[in-house]
Amino acid sequence: MRRISYLIVLPALSFIVNTANAQFAEEVRALRPGQSVTPRTVGESCFQLGVTGETGWSEKSDDAVDSYNKYQSATGYLYFGISHRLDVQALGGMRNDKFLVNGVDSRVSGWNLAAVGLKYNIFNTTSNNFALGLQALAKIPNISSDYPADKVAPRVSLLAEYNPAGQVSLLANVGIDYDGVSNDPKGIYGFQSAFMLNDWLGSFIETYGTYQYRVFYNHIDLGVFAHVAHHFMIHASCGMGVIGNRQDEGFFAAGLAYRFSTISNRHRWIYGEYKD
């Protein structure tokens, strides 16, 4: 019987653009919904934290295996802006999986993610409508017997963002990702379009996934996010996973993001924000 394989995606990594394009934006940038990551940072001396809950299912059926997996996960993150170009990042997650394989039940649960890393904003254009960045993460091994990884697993991504209009953001990510178990890396990619519907409500549509062993495993998701306050956001999204023309995964996620500063930023002038 072949072993069940499933994808654990690094959580809490995606930012949605909002009405401000400044490096220290007047409104919190949304970490998740979505998976594509902005090259822009949270702002010098600023913390941003959040939590996301997700539930989903996946299934696989062929001549040898008939399997079904239902899961729930909770993930959290903490970002801190060392400077207006550099963030340090810490992420963690717990997961519960229930499997049904050829009529046999099984379950695994526990910590499935602990990671630390950096994100560097390489440059922004003078008009501030294009930005390029680099993110490097290291997933820590041996955090759970149910989700084993026997070595540090790096993930490195090149990040790009283009804002053709104040209410529209386009993101693109490409990189490589190791799982800490095998020596074979995955290629990772993400492309996202986000739109502000009004001053406080936005939406996005996205495709992202992996490439390994000459096979693309793609996801499609869409969602909404709302600025409850300048530094507080809630969000919800749903999507599915696709191999070829077959859908074999579905999921729903919801969460919140909050940012606060360790110093007064109200009268700071970085890239022209805070005109009051």
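See the structure printed just above.
Residues numbered from 1 in each chain as written. Predicted model: local features only at pLDDT ≥ 70, side-chain atom pairs only at ≥ 80, totals over all residues. Heavy atoms only, no water.

Colleague: Describe in detail the sheet that holds strand β6 (residues 104-124), supporting the description with residues and values.
Modeller: Spatially, the 12 strands close up into a barrel ordered β3-β4-β5-β6-β7-β8-β9-β10-β11-β12-β13-β14, and their pairing is antiparallel. With direction set aside, neighbouring strand axes in the sheet form an average angle of 20 degrees. Examined bridge by bridge, strand β10 (residues 186-196) and strand β11 (residues 201-212) share 10 bridges and lie antiparallel to one another. When the bridges of β11 are listed, F191 appears paired with T207. (Pairing = 2+ DSSP bridges. Helix = DSSP H or I, 4+ residues; strand = E, 2+ residues; numbered from the N terminus. Axes fitted to C-alpha atoms, helices over the stretch in contact; angles between N-to-C directions.)

Colleague: Give me the lowdown on the packing of aromatic side chains, citing residues and values where you can.
Modeller: The geometry of an aromatic ring pair is captured by the separation of the ring centres together with the interplanar angle, meaning the angle of the planes. Following the criterion strictly, the structure yields 9 aromatic pairs and no others. Considering the side-chain rings of Y189 and F191, the 6.4 Å spacing of their centres and the 35 degrees angle between planes classify their relative orientation as tilted. A connected cluster of aromatic rings, assembled from ring pairs, spans F47, F80, F232, Y258 and F260. The aromatic ring of Y71 is capped on one face by R95, whose charged end is 4.1 Å from the ring centroid. (Phe/Tyr/Trp six-rings, centres within 6.5 Å; stacked < 30°, edge-to-face > 60°. Lys NZ or Arg CZ within 6 Å of the ring centre and 35° of its normal.)

Colleague: Run through the nonpolar core, naming residues and quoting values.
Modeller: Soluble globular proteins tend to bury their nonpolar side chains together. If you look at the biggest cluster of nonpolar residues, it comprises 9 residues: V42, C46, Y77, Y79, L91, L113, A115, L137 and A257. When residues of this core are traced back to their parent elements, those giving at least two are β4 (66-81) and β6. Within the second largest apolar cluster, 5 residues are counted, among which are V65, F99, V108 and Y147. (Core = buried A, V, L, I, M, F, W, Y, C linked by side-chain atoms within 4.5 Å. Buried < 20%, exposed > 50% of the residue type's maximum accessible area, 1.4 Å probe, protein only.)

Colleague: Can you lay out unusual backbone geometry for me, pointing to particular residues and giving the numbers?
Modeller: Phi is positive for S45, close to 60 degrees, though the residue is something other than glycine. In this structure, S45 sits in the loop between β2 (30-31) and β3 (46-61). Since its relative accessible area comes to 15%, S45 is described here as buried. Even without a glycine there, the phi angle at R214 is positive, about 65 degrees. Mapped onto the elements of the fold, R214 is located in the loop between β11 and β12 (215-229).

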